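Summary of the model geometry
Here are the chains, one letter per residue:
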Amino acid sequence: MMVIIMKADCSTDIGPVRASNQDTCECGLFSPNSAWGIVCDGMGGANGGNVASAVAVEKIRDIIISEFNENMSKENLRAMMLNAVNRANDAVHQLSLEKEELFGMGTTVVLMIATKGLLHVVHVGDSRAYLRNEEGFCQLTMDHSYVQDLVNLGQITQMEARVHPKRNIITKVLGVHEEVQGDYCQVDFSPGDIAIACSDGLSNYMEDDLIAEYIDRYRSNGSLLAKQLIQYAAGNGGADNITVAVIRND
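These numbers come from a predicted model, not from an experiment. (Residues numbered from 1 in each chain as written. Predicted model: local features only at pLDDT ≥ 70, side-chain atom pairs only at ≥ 80, totals over all residues. Heavy atoms only, no water.)

**Examining the sheet that holds strand β11 (residues 242-249)**
Our working rule: Pairing between two strands requires that DSSP report at least two bridges joining them. Strands are runs of DSSP state E lasting at least two residues, helices are runs of H or I lasting at least four, and both sets are numbered from the N terminus onward. Helix axes use the C-alpha atoms of the stretch in contact, all axes being lines fitted to C-alpha atoms, and the angles between their N-to-C directions lie in the range 0 to 180 degrees.
One open sheet accounts for five strands, arranged β1-β11-β10-β7-β8; its pairing is antiparallel. This sheet does not close on itself; its edge strands, each paired only once, are β1 (6-13) and β8 (136-139). Averaged over neighbouring strand pairs, the angle between their axes works out to 15° when direction is ignored. Of the strand pairs in this sheet, strand β7 (residues 128-133) and β8 are connected by four bridges, and their pairing is antiparallel. Counterpart to Leu131 in the pairing with β8 is Cys138.

Below you can see the structure in the form of structure tokens.
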């Protein structure tokens, strides 16, 4: 009997305020030992955001499913992930030039792949990836945002960034320009570890320590964990779409 070690779940919700959901997510298993998850938060007009996020997720999913194999080197996996994000950028940007009503659309992205004891992450924008392991809870990505730049310069604190009037300005986005450079990182991903990717509809309305508490509470059920995180954000003033992807190394 084949034992499934990795598990992947994801969920998205329009939230209590927005008229449409411009977030898109997908996740799955390459094999019992390897999992993937994608979260995109679109922006750009009434229709542009949901088109951008959907196109990006579809393109990235198709590329990683086609090209991934468990024997590829870490360097080749990194290159594949960055290439998938670049080709998604091409697809979204080209479509925005072809259709006037979609001009200027774009999306954030977090792409996670867990395999062979490592979690690999590529991101663009202010959607985030987090890791919960025996050492604690940490944010793996650094927001590409105006307020994060201010934090890095020591001009404001992280707490001030959460309520800053310009907190929604992002400094890097997929699809708006001809080229985009995603940030890549890798971390150990051991049995018992859990990774989540989320849009800012979660991270703007839920403190890190509470996210960690929810992970511990619902760690045995990734689908329920995603839904409970979304439910909390929606009930805690959530004024945005809310999306969560969960990868568990059981």
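Continuing now.
**Digging into the layout of surface pockets**
We apply this condition: For each structure, a 1 Å grid was placed over the protein atoms alone; sets of points admitting a 1.4 Å probe that cannot get out are labelled cavities, open sets with protein on both sides within 12 Å along at least five of seven lines are labelled pockets, and lining residues have an atom within 4 Å of a point. Grid points are joined across faces, edges and corners, and a volume is the space filled by probe spheres set on the points. Here the nonpolar group is Ala, Val, Leu, Ile, Met, Phe, Trp, Tyr, Cys and Pro; Asp, Glu, Lys and Arg are the charged ones; every other residue, Gly included, is treated as polar.
Its volume calculated, the largest pocket comes out at about 340 Å³. In terms of lining residues, the largest pocket is bounded by 18 residues, among which Arg18, Asn168, Asp200, Asn204 and Asp240 are the most central. Those elements giving two or more residues to the lining of the largest pocket turn out to be β3 (34-43) and α4 (158-163). The element best represented in the lining of the largest pocket is β3, accounting for three residues. Along the lines of polarity and charge, the residues of the lining of the largest pocket split into five nonpolar, six polar and seven charged. Put simply, the second largest pocket is a space of about 280 Å³. Along the walls of the second largest pocket sit 18 residues, with Arg128, Asp143, Gln158, Ala161 and Arg162 positioned nearest its centre. Elements with a minimum of two residues in the lining of the second largest pocket: α3 (146-152), α4 and α5 (200-203). Ranked by residue count, the leading element in the lining of the second largest pocket is α4, at four residues.

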